[in-house]
Amino acid sequence: MLETVLQPRVLESKDWATYLFILSFVFIAIARSTFETRFKDFLRILVSDKYIKIYKDSSHLMSGFTILLFVVQIISFSFFIQLLLHQLGYVSKTDSVIFARIFTFFGIFVLSKFLIEKIIAAIFNIDEFAEEFNLQKVSYRTFIGIILLPVNIYLFYNNNPSNILIFCIIGVILIINLFSYMISLKIYQNLFIGKVFYFILYLCALEIAPYYFIYYLITKNLAH
């Protein structure tokens, strides 16, 4: 006589991700309706420097528009980090606890990095330049975050995304970041003349090394 052994089938809920995707689009809709002209200029950030020139003042760094889309940026990048780690075999993409850890860690990381840059700017008496530069970086990262939203949705609900697609997305992100630095060099070229070495040192210390460090910490902690 055959003995039937029943094993519980654990299904991980995806509802939490759906709610976060909807929340992100709600924040985008609020930003679009409340700051209609600014939002239109923002969407053309890759083809026109109008947005950067108009909203480069440091007072715009803590505006409602920036804060709303900053939250979207953190959600979007946290999703992409989790999806990338899932593709590499470290975590499950439907684990809400893992997402909460990545979201918290990444949010603290970005804010801490911002505060460290403000401290360094205060020491060297370049506060105004640093805030304008930070606003520019936040703008481009936010634009990337918005682009990543539909990509994240596709990757999250697609069970077999290709590695080529993932690495192409990473490539696009790196290209947009490189483009943003080229724009910075163009805008602040007079300031950078004679200080190229310090600018390269800044990129390595505050732009490249921290992201490698966060990748190392996340993969090390989640692999156990």
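Residues numbered from 1 in each chain as written. Predicted model: local features only at pLDDT ≥ 70, side-chain atom pairs only at ≥ 80, totals over all residues. Heavy atoms only, no water.

A few words on the nonpolar core. Judged by nonpolar contacts, the single largest core of 46 residues is most densely connected at Leu69 and Phe79. No other element matches helix 4 (residues 64–87), which puts 13 residues into this core. With sequence-adjacent residues up to four places away left out, Leu69 is seen in contact with Ile28, Ala31, Phe42, Thr142 and Ile146. (Core = buried A, V, L, I, M, F, W, Y, C linked by side-chain atoms within 4.5 Å. Buried < 20%, exposed > 50% of the residue type's maximum accessible area, 1.4 Å probe, protein only. Helix = DSSP H or I, 4+ residues; strand = E, 2+ residues; numbered from the N terminus. Contact = heavy atoms within 4.5 Å.)

Looking now at the pattern of salt bridges. All told, the structure shown has two salt bridges when counted by the stated rule. Residue Glu36 pairs with Lys40 through a salt bridge whose shortest N-O separation is 3.6 Å. Of this pair, Glu36 and Lys40 both sit in helix 2 (residues 36–43), four residues apart, which is roughly one turn of the helix. The exposure class of Lys40 is partly exposed, given its relative accessible area of 48%. With a shortest N-O distance of 3.7 Å, Lys50 and Asp41 are connected by a salt bridge. (Salt bridge = Lys/Arg side-chain N within 4 Å of Asp/Glu carboxyl O.)

What follows covers the confidence of the model for the chain. Predicted confidence across the chain gives a mean pLDDT of 80, with 73% of residues reaching 70 or more. Here helix 8 (residues 189–192) stands out as the least confident element of the chain, with mean pLDDT 63; helix 1 (residues 15–34) is the most confident, with 94. In this model residues 4–11 is a low-confidence stretch, pLDDT under 50, and it forms zero contacts with partners more than four residues away in sequence or in other chains. (pLDDT = per-residue confidence, 0-100.)

Attention now goes to the packing of helix 1 against helix 4. Across the interface, helix 1 lies against helix 4 with an axial gap of 9 Å and an inter-helix angle of 150°. One finds that helix 1 runs roughly antiparallel with respect to helix 4. Classified by chirality, the crossing of helix 4 by helix 1 is left-handed. On helix 4, the residues that touch Trp16, Ala17, Leu20, Phe21, Ser24, Phe27, Ile28, Ile30 and Ala31 of helix 1 are Phe65, Leu68, Leu69, Val71, Val72, Ile75, Phe79 and Gln82. Across the contact of helix 1 with helix 4, the residue classes tally to 15 nonpolar, two polar and no charged. (Axes fitted to C-alpha atoms, helices over the stretch in contact; angles between N-to-C directions. Parallel < 35°, antiparallel > 145°, perpendicular 65-115°, else oblique. Left-handed = near helix turned anticlockwise from the far one by under 90°. Nonpolar A, V, L, I, M, F, W, Y, C, P; charged D, E, K, R; others polar.)

Residues lying three or four places apart along an α-helix face the same way, a consequence of the helix completing one turn every 3.6 residues. Its 20 residues give helix 1 an end-to-end C-alpha distance of 28 Å, which sits within 8% of 28 Å, the value for a rise of 1.5 Å per residue. Turning to helix 1, its buried residues are Trp16, Ala17, Leu20, Phe21, Ser24, Phe27, Ile28 and Ala31. Angularly, the buried residues of helix 1 cover 140° about the axis, an arc narrow enough to put them on a single face. Away from its buried face by more than 90 degrees, helix 1 exposes Tyr19, Ser33 and Thr34. (Expected span 1.5 Å × (residues − 1). Arc of directions from axis to C-beta.)

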